[in-house]
2 protein chains.
Amino acid sequence: MDLKEEKLESQEIYKGRIVNLYVDKVKCPNGHISTREVVRHCKASCVIAELPNGKFIMEKQFRYPYDDVITEFPAGKCDGDEDPIVTARRELEEETGYKANTIVYLGKMYPSCAYTDEIIYLYYAKDLEKTSQHLDENEALKLEEMSIEEIEKMADQGKLDDAKTICALYYYKNKILNK
Amino acid sequence: MDLKEEKLESQEIYKGRIVNLYVDKVKCPNGHISTREVVRHCKASCVIAELPNGKFIMEKQFRYPYDDVITEFPAGKCDGDEDPIVTARRELEEETGYKANTIVYLGKMYPSCAYTDEIIYLYYAKDLEKTSQHLDENEALKLEEMSIEEIEKMADQGKLDDAKTICALYYYKNKILNK
């Protein structure tokens, strides 16, 4: 069975700072014509970073779409063609004030594959060295140190909702902790 | 430290079939004015469904934003105010032709909290009973049965990219398998 859809036309609806929106006309495998609403977004990186004390760096940030403060691993968008591992090191240092002397690729994830093309690359960082935090002008976040048990307890209690954080945790457990 | 941003204005950019796009003006905690691009999307459900033979139902679907066939657990959007557990049962049966006689809530996830408000609710289903598949007119998918070891191997090899699938797998392992 062929599953592929063929792009016939693409209409740009909005070009923004973070997202671009397109409505495309496609030919489905059954020959029917349909539309696809696609949010195009740059790549991003997320880092589960282990401190010398064995705890992990978490960030609490207000996330406007949910009107709530969310607990996440450090993350950020790739600048242009930046290699995601460079993004991971840069965002970790800018947001937390820690430089990673060791960084390991864990995997990647597609946040919501029906309508956005974003890819988030997941890394594990260790051998952290204190430098200094450099937040963007309008960036506000609180840092916390948590043990893996505390992070897993948050998940168990339904308080760890951020997808990249859960995915990084999954990969950390499989590829680092239980190796 | 106060992290909350205050909404000042909201401009509707696009109202679509799947996504609505808004550009809002907000007051940041530091008093500065900034904009937030927000994709508003309905709720959705995703199901890790265990067959009587101990394998799990996977779907291969063409996902237009990635121009690729993605392997995922069955999932779908809530119809209006539909309870996500009803969505989970309905989508599982429509897409796979299996009715779940037991379904357990695992957790929820926020796909990409910086710009979309989507929430995906994650469930584990068992005691499956064969009924019949009812795909939407333009829906095309291939079903596969995979063991948990095969699914984890896919993740290990970087072939399991869908975030809701990785998150459901994380919760299944923590809340069902290792309980």
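Look a little higher up for the structure.
Residues numbered from 1 in each chain as written. Chains lettered and ligands numbered in written order. Predicted model: local features only at pLDDT ≥ 70, side-chain atom pairs only at ≥ 80, totals over all residues. Heavy atoms only, no water.

Regarding the sheet that holds strand β5 (residues 56–63) of chain A
Within a sheet, each strand pairs with its neighbour through backbone hydrogen bonds, oriented either parallel or antiparallel. Residues and elements named next belong to chain A. As a reminder of what qualifies: In this description, strands pair whenever DSSP reports at least two bridges between them. Secondary structure counts use DSSP, requiring at least four H or I residues in a row for a helix and at least two E residues in a row for a strand, with both numbered from the N terminus. To define axes, lines are fitted to C-alpha atoms, for helices over the stretch in contact only, and angles between the resulting N-to-C directions are given on a 0 to 180 degree scale. Every residue pair with non-hydrogen atoms within 4.5 Å of one another is taken to be in contact.
In space, the 3 strands of this open sheet follow the order β6-β5-β10, with antiparallel pairing throughout. Single-partner strands in this sheet number two, and they are β6 (68–72) and β10 (141–146). Put simply, the sheet's adjacent strands are angled 25 degrees from each other on average, direction ignored. Seen against the sheet, helix α2 (residues 148–156) touches β5, β6 and β10 and runs at an angle of roughly 115 degrees to β10.

Focus on the relation of the copies chain A and chain B
Note the cut-off: Only residues with pLDDT of at least 70 in both copies contribute their C-alpha atoms to the least-squares superposition of the copies.
In the superposition of chain A on chain B (RMSD 0.0 Å, axial shift 0.0 Å), the rotation amounts to 180 degrees. The transformation just described matches what one would write down for a two-fold rotation axis. Relative to the rotation axis, the C-alpha of Pro111 of chain A is the closest in chain A, positioned 2.3 Å from it. Interface overlap between copies: 100% of the residues of chain A at the interface are likewise at the interface in chain B, consistent with a symmetric, same-surface contact.

Examining the interface of chain A and chain B
Test applied: Defined here as a combined quantity, buried area equals the accessible surface (1.4 Å probe) lost by two parts on assembly, summed across both. Only one rule defines a salt bridge in this text: a Lys or Arg side-chain nitrogen within 4 Å of an Asp or Glu carboxyl oxygen. In the analysis that follows, any N or O atom pair within 3.5 Å is treated as a polar contact, provided that within protein one partner can donate a hydrogen and the other can accept it, and provided that, for residues neighboring in sequence, both atoms belong to side chains. Each residue gets one of three labels, nonpolar for Ala, Val, Leu, Ile, Met, Phe, Trp, Tyr, Cys and Pro, charged for Asp, Glu, Lys and Arg, and polar for the others, Gly among them.
Contact residues are listed per partner, giving 73 residues for chain A and 74 residues for chain B. The contact between chain A and chain B buries some 6600 Å² in all, and 57% of this surface belongs to carbon and sulfur atoms. When the shortest N-O distance is used, the salt bridge between Asp67 of chain A and Lys4 of chain B registers 2.8 Å. Counting across the chain A and chain B interface gives 50 residue pairs in polar contact (both at pLDDT 80 or more). In terms of residues, the side of chain A that touches chain B owes the most to one element, helix α3 (residues 163–177) of chain A, which gives 10 residues. For the side of chain A that touches chain B, a count of residues per class yields 38 nonpolar, 11 polar and 24 charged.

A few points about the sheet that holds strand β3 (residues 33–41) of chain B
All names here are of chain B. Read from one edge to the other, the open sheet built from 3 strands follows the order β1-β2-β3, with strand pairing classed as antiparallel. Lying at the two open borders of the sheet, with one neighbouring strand each, are β1 (6–15) and β3. Adjacent strand axes in the sheet meet at a mean angle of 25 degrees when their direction is disregarded. One ladder, built from 9 bridges, connects strand β2 (residues 19–27) with β3; its direction is antiparallel. Looking across to β3, one finds that Asp24 is bridged to Arg36.

What to know about the nonpolar core
Using the following cut-off: To define a nonpolar core, start from buried Ala, Val, Leu, Ile, Met, Phe, Trp, Tyr and Cys residues and group those joined through side-chain atoms within 4.5 Å. Burial status follows relative accessibility: with a 1.4 Å probe on protein chains alone, a residue under 20% of its type maximum counts as buried, one over 50% as exposed, and anything between as partly exposed.
Judged by nonpolar contacts, the single largest core of 52 residues is most densely connected at Leu122 of chain A together with Ile48 and Leu122 of chain B. Those residues in contact with Leu122 of chain A that sit more than four places away from it in its chain are Cys46, Val104, Tyr105, Leu106, Gly107, Lys108, Met109, Lys164, Cys167, Ala168 and Tyr171 of chain A.

Section: the packing of aromatic side chains
All names here are of chain A. Defined as follows: Here the aromatic set is Phe, Tyr and Trp, taking the six-membered ring for Trp, and pairing holds for ring centres within 6.5 Å; pairs whose planes are under 30 degrees apart are stacked, those over 60 apart are edge-to-face, and all others are tilted.
Applying the stated criterion across every chain yields a total of 10 aromatic pairs over all chains. Between Tyr124 and Tyr172, the aromatic rings sit 5.4 Å apart at their centres with planes inclined by 45 degrees, giving tilted as the arrangement. Here Tyr124 is found in strand β9 (residues 120–130), whereas its partner Tyr172 is found in helix α3, with 48 residues between them in sequence. On the basis of relative accessible area, Tyr124 is assigned to the buried category, the value being 6%.

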